[in-house]
Amino acid sequence: MSDDEPDLELLALLRQHLQGKLTLNDAPETGVLEGAEYVYDNAIDVALHMRSCKNAAAAIHAQMQQKQYSPATWSSHELHPDRAKISDEAAVAFVFTMDLLNFSFWSDKSETDRFAVEYRGKRWTGYWSLVAGLQRALDEGIPITDSHFWQDEEECTLDVLKQVFRSCTNEEMPLLPERLACLREAGQVLYEKYECHPVNLVDAANGSAAGLVNLLARDFSCFRDEHVFEGRRKPIRILKRAQILVADLWACFEGEDYGAFNDIDKITMFADYRVPQILYNMGCIYYSPALDLAIRDKKDIPQGGSWEMQLRELIRREILRQHPGTNINAILLDFFLYDTIKEMEDAGQKIVPHHRTRSIWY
Ligand SMILES: Nc1nc2c(c(CN[C@H]3C=C[C@H](O)[C@@H]3O)cn2[C@@H]2O[C@H](COP(=O)(O)O)[C@@H](O)[C@H]2O)c(=O)[nH]1
């Protein structure tokens, strides 16, 4: 098959995933797909546009192949840890700390006034402000990735965290008290169960991605991203930061050592505010008029409400299994979509905004 021909098998897979037609025995032990199935079947404000999904899948596949998207792409970002310069344990600690705090960077201020971290001569915003803040703190001798530090209430104070993520504008990083609470809890749990180090948590998963997601959800309330949907008795398990943590370890270690997972393709796409946005702007999903208006007007979408759950869950339905002959899985597809929407924004392209929910879950 030549590169410019759409990969019909991939299209079929993506269509199945987006339609939720894949049997649940593909669902990982995390049970995340079962919840996605329920929300999809009951969603009335967010829907899939199959024809656009089919066209998008072809375009995405071609671009990913052309850009040779692979786990190594992750380390090519200048701020991500360079494994040639730090120990494996330090890289795991960095990724764990990063995904413990990897949520809610959006701002309604202008590009010049929004929260930003100045580091290595550049202004970093969004997710990159988090990574830049962590790297800068380590350069300044603050042990921000050490769980002993997180537990030390004398040393690791809210003021110190404000210093770690100090902004070069008047806007502060959102939810700093909540981020401190995440560090405190994680420090306590790592002390009680994992001899203070995240590598012991990764080892405890015995090479299972779903197993590590489950350990994170079981032991850390700050990773337990589970919510009731419209009164349904059984909570919907989304577990976005637990899943992106596994994905980042897999990418950082390129599937080896602490990134070696025998079931990595059971990780779903990440239910945050970026993927629904790009899928909407690609025409793959569309909203009810009321929701469409609320998002375009940048209205607050309440956390845990039906709208928010539909937005988060609908995109997560797909598990793009390892497609024969390519290295594309849901993680790489997701990374690619995130980087693409950021490139579109940086290029000043007119795009419909993402939804506004202030949350520690994404
Ligand atoms: N779905 C998805 N969500 C992602 C990422 C990333 C960064 N991943 C890097 C690693 C490999 C890739 O190549 C990326 O370079 C952050 N986020 C989430 O977005 C939000 C931040 O958005 P903004 O404020 O605009 O930066 C926040 O919830 C954050 O958790 C991703 O990849 N996929």
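Residues numbered from 1 in each chain as written. Predicted model: local features only at pLDDT ≥ 70, side-chain atom pairs only at ≥ 80, totals over all residues. Heavy atoms only, no water.

The name an unreviewed UniProt entry assigns to the protein chain is Queuosine 5'-phosphate N-glycosylase/hydrolase, from the organism Chaetomidium leptoderma. Per UniProt, the protein chain carries the Function (unreviewed entry) text "Catalyzes the hydrolysis of queuosine 5'-phosphate, releasing the nucleobase queuine (q). Is required for salvage of queuine from exogenous queuosine (Q) that is imported and then converted to queuosine 5'-phosphate intracellularly." (UniProt positions renumbered as here; feature names shortened; annotations may be inferred.)

1. Re the packing of helix H5 (residues 88-100) against helix H6 (residues 127-139)
Between H5 and H6, the shortest axis-to-axis distance is 10 Å and the interhelical angle comes to 135°. Comparing the axis directions of H5 and H6 gives the class oblique. Of the two elements, H5 crosses H6, and the hand of that crossing is right-handed. Touching Phe94, Thr97 and Met98 of H5 are Tyr127, Leu130, Val131, Leu134, Gln135 and Leu138, all from H6. By residue class, the composition of the contact of H5 with H6 is seven nonpolar, two polar and no charged. (Axes fitted to C-alpha atoms, helices over the stretch in contact; angles between N-to-C directions. Helix = DSSP H or I, 4+ residues; strand = E, 2+ residues; numbered from the N terminus. Parallel < 35°, antiparallel > 145°, perpendicular 65-115°, else oblique. Left-handed = near helix turned anticlockwise from the far one by under 90°. Contact = heavy atoms within 4.5 Å. Nonpolar A, V, L, I, M, F, W, Y, C, P; charged D, E, K, R; others polar.)

2. Some details on the site of the ligand
Around the ligand sit 22 residues in total, of which Lys240, Asp272, Arg274, Asp334 and Asp339 are the nearest. Residue Lys240 places a side-chain N or O atom 2.4 Å away from an oxygen atom belonging to the ligand. Between an oxygen atom of the ligand and a side-chain N or O atom of Arg274, the distance comes to 2.6 Å. In the complex, 100% of the free accessible area of the ligand, which totals 660 Å², lies under the protein chains. More than half of the atoms belonging to the ligand lie within 2 Å of the grid points that define the largest pocket. Of all the secondary structure elements, the ones that give two or more residues to the shell around the ligand are H6, helix H12 (240-252) and helix H16 (330-346). If one sorts the elements of the shell around the ligand by residue count, H16 sits on top with five residues. Per-class residue counts for the shell around the ligand are 12 nonpolar, four polar and six charged. (Near = heavy atom within 4 Å. Polar contact = N/O pair within 3.5 Å; in protein donor to acceptor, adjacent residues only side chain to side chain. Areas by Shrake-Rupley, 256 points an atom, 1.4 Å probe, with all protein chains shown as cover. 1 Å grid on protein atoms, 1.4 Å probe; cavity = no way out; pocket = protein on both sides within 12 Å on 5 of 7 lines; lining within 4 Å. Sits in = over half its atoms within 2 Å of the grid points.)

3. Some points on the packing of aromatic side chains
Within this structure, the stated rule accounts for 12 aromatic pairs. When the centroid spacing of 6.1 Å and the interplanar angle of 85° are considered together, the rings of Tyr38 and Phe229 count as edge-to-face. You can see Tyr38 sitting in helix H2 (residues 32-42) and its partner Phe229 sitting in the loop between strand S4 (226-227) and strand S5 (236-237), a full 191 residues away along the chain. Judged by its relative accessible area of 1%, Phe229 falls in the buried class. The interplanar angle of 50° and the centroid separation of 6.3 Å between the aromatic rings of Tyr273 and Tyr362 together place this pair among those described as tilted. One end of the pair, Tyr273, is in the loop between H12 and helix H13 (275-281); the other, Tyr362, is in the segment after H16, with 89 residues separating them in the sequence. Among the residues examined, Tyr273 registers a relative accessible area of 9% and is labelled buried. Over the ring of Phe103 we find Arg179; its NZ or CZ atom is 4.2 Å from the centre of that ring. One residue, Arg232, lies across the ring of Tyr38, its end atom 4.3 Å from the ring centre. (Phe/Tyr/Trp six-rings, centres within 6.5 Å; stacked < 30°, edge-to-face > 60°. Buried < 20%, exposed > 50% of the residue type's maximum accessible area, 1.4 Å probe, protein only. Lys NZ or Arg CZ within 6 Å of the ring centre and 35° of its normal.)

4. Some words on the confidence of the model for the protein chain
Summing up the model confidence of the protein chain, the mean pLDDT is 88 and the portion of residues at 70 or higher is 88%. Residue range residues 319-324 is modelled with pLDDT below 50. Its contacts to residues more than four positions away, or to other chains, number 32 contacts. Model confidence for the complex: the whole-complex pTM is 0.90, and ipTM, which rates the interface, is 0.98. (pLDDT = per-residue confidence, 0-100.)

5. Focus: the layout of surface pockets
As a volume, the largest pocket reaches approximately 1,200 Å³. Forming the boundary of the largest pocket are 47 residues, of which Arg114, Arg274, Tyr338, Lys342 and Glu345 lie nearest the centre. With eight residues, the single largest contributor to the lining of the largest pocket is H16. Looking at the lining of the largest pocket, its residues break down into 17 nonpolar, 13 polar and 17 charged. Lining the second largest pocket we find 16 residues, and of these His80, Pro81, Asp82, Arg83 and Gln135 sit closest to its centre. Those elements giving two or more residues to the lining of the second largest pocket turn out to be H5 and H6. Along the lines of polarity and charge, the residues of the lining of the second largest pocket split into six nonpolar, four polar and six charged. (Points joined across faces, edges and corners; volume = space filled by probe spheres on them.)

6. A look at the nonpolar core
One finds Phe96, Leu100, Phe165 and Phe220 to be the most contacted residues of the largest nonpolar core, which totals 109 residues. Of all the elements, H16 adds the most residues to this core, at 10 residues. (Core = buried A, V, L, I, M, F, W, Y, C linked by side-chain atoms within 4.5 Å.)

7. Section: H12
With 13 residues, H12 ought to run about 18 Å at 1.5 Å a step, and its terminal C-alpha atoms sit 18 Å apart, in line with that. Burial analysis of H12 places 13 of its 13 residues in the buried class, which makes it a mostly covered element. Phi for Glu254, located one or two positions after H12, is positive at around 45°. (Expected span 1.5 Å × (residues − 1).)

8. Looking at the pattern of salt bridges
For the structure shown, the criterion picks out 15 salt bridges. Put simply, Lys122 and Glu78 hold a salt bridge, and the shortest N to O gap is 2.5 Å. Of this pair, Lys122 sits in strand S3 (residues 122-124) while Glu78 is found in the loop between helix H4 (72-75) and H5, placing the two residues 44 residues apart along the sequence. Take Glu78: its relative accessible area is 38%, and that puts it in the partly exposed class. Among the salt bridges present, the one from Glu111 reaches Arg114, with a minimum N-O distance of 3.3 Å. Several salt bridges converge on common partners, so that one network encompasses Arg83, Asp88 and Asp257. (Salt bridge = Lys/Arg side-chain N within 4 Å of Asp/Glu carboxyl O.)

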